[in-house]
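Notes for the structure review
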Amino acid sequence: MELYELGLKEAANKIKNREITSVELTKALLDRIEERNGEINAYVTVDRDHALKMAEESDKRIREGNPRLIEGVPLGIKDLFCTKDVRTTACSHILDNFVPPYESTVTENLWKAGGVLLGKTNMDEFAMGSSNETSYFGPVKNPWDLTRTPGGSSGGSAAAVADYQCPVATGSDTGGSIRQPASFSGIVGIKPTYGRCSRFGMVAFASSLDQAGVFARNVEDAALMLRCMSGYDPKDSTSADRPIENYDEKLDQLEIKGMKIGLPKEYFIEGLDPTVKQIIDDAIKNFTDKGAEVVEISLPHTKYAVPAYYIVAPAEAAANLARYDGMRYGLRVEGDNLMDTYMKTRTEGFGTEVKRRIMIGNYTLSSGYYDAYYTKAQRVRALITKDFEEAFKEVDFIFTPTTPTPAFKIGGKVDDPVQMYLNDIFTVATNLAGLPGISVPAGKMDYEGANLPVGLQIIGPAFSEQNLLNAAYAHEKMTNFELLKA
Ligand code: GLN
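Residues numbered from 1 in each chain as written. Predicted model: local features only at pLDDT ≥ 70, side-chain atom pairs only at ≥ 80, totals over all residues. Heavy atoms only, no water.

As for the site of the ligand
Quick reminder of the rule: Whether a residue is near a molecule or strand is decided by its heavy atoms; if any one of them lies within 4 Å of it, the residue is near. Definition of a polar contact: a pair of N or O atoms within 3.5 Å, with one able to donate and the other able to accept a hydrogen when the atoms are protein atoms, and with sequence-neighbouring residues admitted only if both atoms are side-chain atoms. Under the convention used here, a 1.4 Å probe and the Shrake-Rupley method define accessible areas, while residue burial counts only the protein chains that appear. Here a cavity denotes a set of grid points, spaced 1 Å apart and computed over the protein atoms alone, in which a 1.4 Å probe fits but from which it cannot get out, and a pocket denotes an open set meeting protein on both sides within 12 Å along at least five of seven lines; residues with an atom within 4 Å of a point are reported as lining. Each molecule is assigned to a cavity or pocket provided more than half of its atoms lie within 2 Å of the corresponding grid points.
Taken together, 15 residues form the shell around the ligand, and within it Ser130, Thr174, Gly175, Ser177 and Tyr309 come nearest. Between Ser130 and the ligand, the recorded distance is 2.8 Å, taken from a side-chain N or O atom to a nitrogen atom. One of the side-chain N or O atoms of Tyr310 is found 3.3 Å from an oxygen atom in the ligand. Compared with its free state, where it exposes 290 Å², the ligand has 99% of that area covered by protein. Mapping the ligand onto the cavity grids shows that it belongs to the largest cavity.

Observations regarding the pairing of strand 3 (residues 116–121)
Inclusion rule: Each residue is placed in one exposure class: buried if its accessible area under a 1.4 Å probe, protein chains only, is under 20% of its type's maximum, exposed if it is over 50%, and partly exposed if it falls in between. Helix numbering and strand numbering both begin at the N terminus, where a helix is a DSSP run of H or I of at least 4 residues and a strand a DSSP run of E of at least 2. When DSSP finds two or more bridges between two strands, those strands count as paired. By the criterion used throughout, a crossover qualifies as right-handed when its path from the first strand across the helix to the second strand runs clockwise, the strands pointing away from the viewer.
Of all six residues in strand 3, six are buried; the element is thus mostly enclosed. Both strand 1 (residues 43–45) and strand 3 contribute to a ladder of two bridges, which runs antiparallel. Following the sheet pairing, Tyr43 is matched in strand 3 by Thr121. Where strand 2 (residues 74–78) and strand 3 come together, five bridges link them in parallel fashion. What sits directly across from Leu75, in strand 3, is Leu117. Taking the sense of rotation as the criterion, the β-α-β connection linking strand 2, helix 4 (residues 105–112) and strand 3 turns out right-handed.

A look at the packing of helix 9 (residues 305–320) against helix 12 (residues 371–394)
When two helices pack together, their arrangement is given by the angle between their axes and by how far apart the axes lie. Inclusion rule: Axes here refer to lines fitted to C-alpha atoms; in helices the fit is confined to the stretch in contact. Angles between the N-to-C directions go from 0 to 180 degrees. Angles below 35 degrees are treated as roughly parallel, those above 145 as roughly antiparallel, those between 65 and 115 as roughly perpendicular, and all remaining angles as oblique. Two helices crossing with the near one rotated counterclockwise from the far one by less than a right angle form a left-handed crossing, whereas a clockwise rotation gives a right-handed crossing. Any two residues having at least one pair of non-hydrogen atoms within 4.5 Å are treated as being in contact. As a working rule, the residues Ala, Val, Leu, Ile, Met, Phe, Trp, Tyr, Cys and Pro are called nonpolar, Asp, Glu, Lys and Arg charged, and the rest polar, with Gly in that last group.
The geometry of helix 9 relative to helix 12 is characterised by a closest axis approach of 9 Å and an angle of 125° between their N-to-C directions. On the basis of the axis angle, helix 9 is oblique to helix 12. Relative to helix 12, helix 9 is oriented so that their crossing is left-handed. From helix 9, Ala305, Ala308, Ile311, Val312, Ala315 and Glu316 reach across to helix 12, where they touch Tyr373, Tyr374, Ala377, Gln378, Val380, Arg381 and Ile384. Its residues assigned to classes, the contact of helix 9 with helix 12 comprises ten nonpolar, one polar and two charged.

Structural notes on the nonpolar core
As a reminder, the rule being used: What is meant by a nonpolar core is a set of buried Ala, Val, Leu, Ile, Met, Phe, Trp, Tyr and Cys residues, joined one to another through side-chain atoms within 4.5 Å.
Grouped together as the largest cluster of nonpolar side chains are 154 residues, with contacts concentrated most on Leu75, Leu110, Phe126, Phe388 and Phe399. Counting residues per element, this core draws most heavily on helix 9, at nine residues. For Leu75, the contacting residues outside a window of four places in its chain are Leu8, Ile70, Leu110, Trp111, Gly115, Val116, Leu117, Leu118, Gly119, Val168 and Met225.

Comments concerning the packing of helix 7 (residues 219–229) against helix 15 (residues 465–478)
Here helix 7 crosses helix 15 at 160°, and the two axes come no closer than 9 Å. Looking at the two axes, helix 7 sits roughly antiparallel to helix 15. Along this stretch, helix 7 crosses helix 15, giving a crossing that reads as left-handed. Contacts from Val219, Ala223 and Leu226 of helix 7 reach helix 15 at Glu465, Leu469, Ala472, Tyr473 and Glu476. Split into classes, the residues belonging to the contact of helix 7 with helix 15 amount to six nonpolar, no polar and two charged.

What about the environment of Lys120?
Its place among the elements puts Lys120 in strand 3. Remark: the alpha-carbon pair of Lys120 and Leu75, spanning 45 residues in sequence, is separated by 9.1 Å. For Lys120, the residues in contact, after removing those within four places along its chain, are Ala42, Tyr43, Val44, Thr45, Ile77, Lys78, Asp79, Phe81, Thr83, Val86, Arg87 and Thr88.

Focus: a nonpolar patch on the surface
The test is simple: Two joining distances apply to patches: 9 Å for like charges and 5 Å for nonpolar side chains (Val, Leu, Ile, Met, Phe, Trp, Tyr), and every residue must have over 30% relative accessible area and no salt bridge. Any Lys or Arg side-chain nitrogen found within 4 Å of a carboxyl oxygen on Asp or Glu counts as a salt bridge.
A surface patch of nonpolar side chains, about 290 Å² in accessible area, is lined by Tyr363, Tyr369 and Tyr373. Structurally, the position occupied by Tyr373 is in helix 12. For Tyr373, a relative accessible area of 33% puts it in the partly exposed group.

What about unusual backbone geometry?
Note on backbone geometry: most residues besides glycine have negative phi, and most peptide bonds are trans. The peptide bond linking Gly152 to Ser153 adopts the cis configuration, its omega dihedral lying at 5°. With respect to the element layout, Ser153 can be found in the loop between strand 3 and helix 5 (155–162). Phi is positive for Ala127, which is not a glycine, with a value near 70°. Overall, Ala127 belongs to the buried group, its relative accessible area being 4%.

Structure below.
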């Protein structure tokens, strides 16, 4: 086994036991990136010296007998987490020269746990997209089939983990951007409850929906990584003041016998690939064979989730992105006067999808349209939240496919925004309701001539991360899913 194939926990243990050093592992991963990144395009910034310096510091702590939880393990970081002194672009031209003077709380927490910054991963511009094709730095290729997208917006993180270019990576999920790419890339992706991870220092897209989370090749690593990055932060007013949980230490505590799995009838619909459905049914059968009970439930407002999301998210995005005006930081294109400078900067700095969102957002927030669009979408959001509350009175978990189909082709949907948005059909409602969701590999299937992974999504009530991880762990143990070979 090559060093770069080690998972988070395995690597942390080997470093702690002094079987390997952090510098050795970091070098192995940097070499792997150098070999593979030209093809996959998962990373947009890799600072070798910075990574090796952090690794040396970890090795020193090990020698001194002071290892922390994930001491010395290199991590992939989605390029919307501000990293002090390391370029952070959100994969937009408007920020492509931005070097943050401060650190995001999530990454700060990871460094405090001993993590090493390996590199910044590619993503859709400002996290707007489902295929990583809106990135200023070009699309990411899915390691399972290079003609396909690894999903988005955290496509670089997903591909990097699936392709053994890092053991684990951070992502962010506003409408599915962790779960969908995890599903497309055959790995685990968890979006915790809104508020579980601090948003401080995360480039904002839609602030009431954005939440940080994790990609890993197994559930245990996802649990450990989430434990390291989550926690209350007074710098984010929506951060939840709850203790950090040792998720990775309680993974086998699920009682399958008697657990109630809800299957929302609105999710098993036309448009869902029959083989995807079969794979999800098989996963559920593993649970029912061990005594779980299946309950058909209804989330009646599901059909409004995509339209409501595509009002709320662009509205918040339009407000958040107003700050990129060429005055304080980021790109500035000089014009004849102030207004001209604003226009030239924003015209050149933003890509097509981001401009589309800014226009939709400003339109729906404008006087005369606000009530018809924004207020109505917020009402729908409340109804969607209520649907889940009702459902969780009856069941412990909701099981669904993560996406209606496996990974689609690069170029397949990018010219048709509505088709692209519909890909988010199973993921956006969770964000609107602020709930945690995890995607875990469930199987593989032949799809348009390729052999591709399929993810099972498990949704739980607010702050049920431990239960979700436990259910995903149980599923993983009962499923023969082979990861992509290195
Ligand atoms: N695909 C969705 C969008 O384009 C979700 C993106 C995300 O979760 N960041 O908005």
